[in-house]
Amino acid sequence: MSGLETAIRHALERSDRTSSETRARIYQSARNALEAGLRKQDVHDPEVIAQQRHRLEAIIHGIELEERTALKAEASTVSPVRPETDNRVPSAELDDRAHLPPQGSTAAFDGGVEPVVDGGLDGLRPDRRATARANEAAVAAEPQVTGKRGKAAKVIPPAKPRRRKRGRFLSFVMVVTTLGAAFLGAVWWVDTSGLLKTAAERDTSVANPPSTVQSEDFDGGAGLKTLGTQSGFTGDWVDVFTPADMARVSVEARAAADPVTDESGQRLRITSASPDQDGNVRIEIPTAMLGQISGKTSTVALSVQADSGKQTQFSVECDFASLGDCGRHRFTVNEEKNDMLFKVTFDRSLAPSSPGHILINSDVTGAGSSLNLYAVRILPGQ
């Protein structure tokens, strides 16, 4: 009989061997002792380990068959009542001090030699011993057995830990808070983005401030005033320039004027690389037109639009030969086509003998923004 088999049988004699749970615990303790012994002796050969486990399982299987046969035989006869002298049921644990041959040597296993256990193989110990060195984690996981010796034992499963209701409540509060914050964020985004507004209420264009003439841009004595944008032009207006009249356009050193024709219509693209006079584009005004506005207060209108949707500030000046000038006007224009109007007053009644000019600079900030010019019209005074 091997050392482990002897230890198992001794443990069964000291415990309630009629209980299948008790026997299972003893067998498991034997397995734990074998594994611990292999680890202590630093045995890592898979073949050696498999042989030892197989031999132990064969021993456990044989002992269990004997125990079941004995229980069936006792059940057919009247069992004597054992004196109830001890209410405690010993629980056996197998000592893990099993010694095996050195690693790499398989001769001992091939010859049928079993591992040697220290202390005369007294590895199965009752629970009364305070120095038991079994695996505490494995013992704690086993179900507790209560009852009297000789009688069927009652298995008490380990108590399940209670789930903390407070943790559930905090998790619920966190989920509700997160969903509420997400909902409020969505409401805020819909409100600020104008998603619910109608097409008429939603203004997606660039802000177009009203046309203004700054006092420092023109001679205050000329008495010029800024007019609102006209919704249309009557037959009294005279077209003094259209993009087809490129012969009447001249540019300074740092300016460019290019005719453009596309789905938006025909226009003159003016680009000024300098906010000074060398960035001006000159539009010629016929001599006959100067004769109609001499000695009167007339209105000049420029139909313009910022190029490529980029807002720009442009300036307009007049050089009307002997009639004089009209000061310097500054306007802001965006991607929408607008008509910029201003008044000019000339007290002289003598008509000039040479043409005049309107000077346009597309960007008074010097950034080089372009301006589209569609037409220049004049409404002569009465």
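The written sequence of each chain sets the order in which its residues are numbered from 1. Only residues with pLDDT of at least 70 get local features here, since the model is predicted, and only at 80 or more are side-chain atom pairs given and counted; chain-wide, interface and lining totals rely on the full set of residues. Neither water nor hydrogens contribute to the side-chain values; these are computed over all heavy atoms in the structure.

A. Layout of the overall build of the chain. Numbering goes from the N terminus for both helices and strands, where a helix is a DSSP run of H or I of at least four residues and a strand is a run of E of at least two. Scanning the chain for helices and strands turns up seven helices and 17 strands. Residue burial is assigned from relative accessible area. The probe radius is 1.4 Å, only protein chains are included, and a residue is buried under 20% of its type maximum, exposed over 50%, and partly exposed in between. Residue burial in the chain is summarised as follows: out of 382 residues, 37% are buried. Element-wise, carbon and sulfur atoms account for 53% of the exposed surface of the chain, whose accessible area totals about 22,300 Å². Computed with the Shrake-Rupley method and a 1.4 Å probe, the accessible areas treat only the protein chains shown as cover for residues.

B. Here's a closer look at the sheet that holds strand S13 (residues 312–319). Any two strands between which DSSP finds at least two bridges are classified as paired. The antiparallel open sheet is built from five strands, whose spatial order is S8-S11-S16-S13-S14. Bordering the open sheet on either side are strand S8 (249–251) and strand S14 (328–333), each of which pairs with just one other strand. When the angles between neighbouring strand axes are averaged without regard to direction, this sheet yields 25°. Pairing of S13 with strand S16 (residues 356–361) involves five bridges; the strand directions are antiparallel. Helix axes are fitted only over the stretch in contact, all axes being lines through C-alpha atoms; the angle between N-to-C directions runs from 0 to 180 degrees.

C. Quick peek at the packing of aromatic side chains. Any two rings among Phe, Tyr and Trp, with Trp reduced to its six-membered ring, count as a pair given centres within 6.5 Å; such a pair is stacked if its planes are under 30 degrees apart, edge-to-face if over 60, and tilted if neither. Counted under the stated rule, the structure contains three aromatic pairs. Among the aromatic residues, those joined into a ring-pair cluster are Phe314, Phe331 and Phe342. Charge-over-ring placement is defined geometrically: NZ (Lys) or CZ (Arg) within 6 Å of the ring centre, and within 35 degrees of the ring normal. The ring of tyrosine 374 is capped by lysine 337, whose NZ or CZ atom sits 4.1 Å from the centre of that ring. Sitting over the ring of phenylalanine 233, arginine 377 keeps its end group 4.4 Å from the ring centre.

D. Spotlight on the pairing of strand S15 (residues 338–345). Of all eight residues that make up S15, six are buried, and the element is covered over most of its length. Of the pairings in the sheet, the one linking strand S12 (residues 297–306) to S15 comprises eight bridges and is antiparallel in character. Bridge pairing links leucine 302 to methionine 340 in S15.

E. The arrangement of helix H1 (residues 3–13) in detail. Most of H1 is tucked away: nine of the 11 residues are buried. Listed in full, the buried residues belonging to H1 are Gly3, Leu4, Glu5, Thr6, Ala7, Ile8, Arg9, Ala11 and Leu12.

F. Fine view of the state of the cysteines. Our working definition of a disulfide is a cysteine sulfur pair at a distance within 2.5 Å. Going through the model one piece at a time under the given rule, you end up with one disulfide. Across the disulfide, cysteine 318 is cross-linked to cysteine 326 (sulfur-sulfur distance 1.9 Å). On the sign convention where negative means left-handed, the S-S torsion of about 80° between cysteine 318 and cysteine 326 marks this disulfide as right-handed. The same class applies to cysteine 318 as to cysteine 326, namely buried.

G. Highlighting the packing of H1 against helix H3 (residues 46–75). At a minimum axis distance of 10 Å, the contact between H1 and H3 shows a crossing angle of 35°. In this structure, H1 crosses over H3, and the sense of that crossing is right-handed. Between H1 and H3, the contacting residues are Leu4, Glu5, Ile8, Arg9 and Leu12 on the first element and Leu56, Ile59, Ile60, Ile63, Glu66 and Glu67 on the second. Three categories are distinguished: nonpolar for Ala, Val, Leu, Ile, Met, Phe, Trp, Tyr, Cys and Pro, charged for Asp, Glu, Lys and Arg, and polar for the others, with Gly belonging to the last. Residue composition of the contact of H1 with H3, by class: seven nonpolar, no polar and four charged. By convention, the crossing between two helices is left-handed when the near helix turns anticlockwise from the far helix through less than a right angle, and right-handed when the turn is clockwise. In what follows, a contact means two residues having at least one pair of non-hydrogen atoms within 4.5 Å.

H. Structural detail: H3. When the terminal C-alpha atoms of H3 are compared, their 43 Å separation across 30 residues agrees well with the 44 Å that a helix rising 1.5 Å per residue should span. Among all positions in H3, only Val48, Ile49, Gln52, Leu56, Ile59, Ile60, Ile63, Glu64 and Glu67 are buried. By definition here, a helix of n residues has an expected span of 1.5 Å times n minus one.

I. How the structure looks around unusual backbone geometry. One non-glycine residue, aspartate 42, lies in positive phi territory at about 60°. Along the chain, the position of aspartate 42 falls in the loop between helix H2 (20–40) and H3. For aspartate 42, a relative accessible area of 44% corresponds to the partly exposed category.

J. Structural view of the environment of isoleucine 26. Locating isoleucine 26 in the fold gives a position in helix H2. Separated by 19 residues in the primary sequence, isoleucine 26 and alanine 7 place their C-alpha atoms 9.6 Å from one another.

K. Seen up close, the environment of threonine 297. Positionally, threonine 297 belongs in strand S12. Of the residues examined, threonine 297 reaches a relative accessible area of 39% and is grouped as partly exposed. Measuring from C-alpha to C-alpha, the distance between threonine 297 and phenylalanine 346 comes to 6.6 Å, with 49 residues separating the pair along the chain. N or O atoms closer than or at 3.5 Å make up a polar contact, with two conditions inside protein: a donor-capable atom paired with an acceptor-capable one, and, for residues adjacent in sequence, both atoms drawn from side chains. Engagement of the side chain of threonine 297 in a polar contact is seen with the side chain of threonine 345, the distance being 2.8 Å.

L. Molecular detail of the pattern of salt bridges. A carboxyl oxygen of Asp or Glu within 4 Å of a side-chain nitrogen of Lys or Arg is what we treat as a salt bridge. Following the criterion strictly, the structure yields 13 salt bridges and no others. Its salt-bridge partner being arginine 282, residue aspartate 319 comes within 3.7 Å of it at the nearest N-O pair. Residue aspartate 319 is found in strand S13, and its partner arginine 282 is found in strand S11 (residues 281–285); the two are separated by 37 residues along the sequence. Between glutamate 317 and arginine 328 there is a salt bridge, with the nearest N and O atoms lying 3.8 Å from each other. A residue pair is termed long-range when its members are at least 10 positions apart, and glutamate 317 in strand S13 and arginine 328 in strand S14 qualify at 11 residues. Beyond isolated ion pairs, a larger network of salt bridges with shared partners links Glu5, Arg9 and Glu66.

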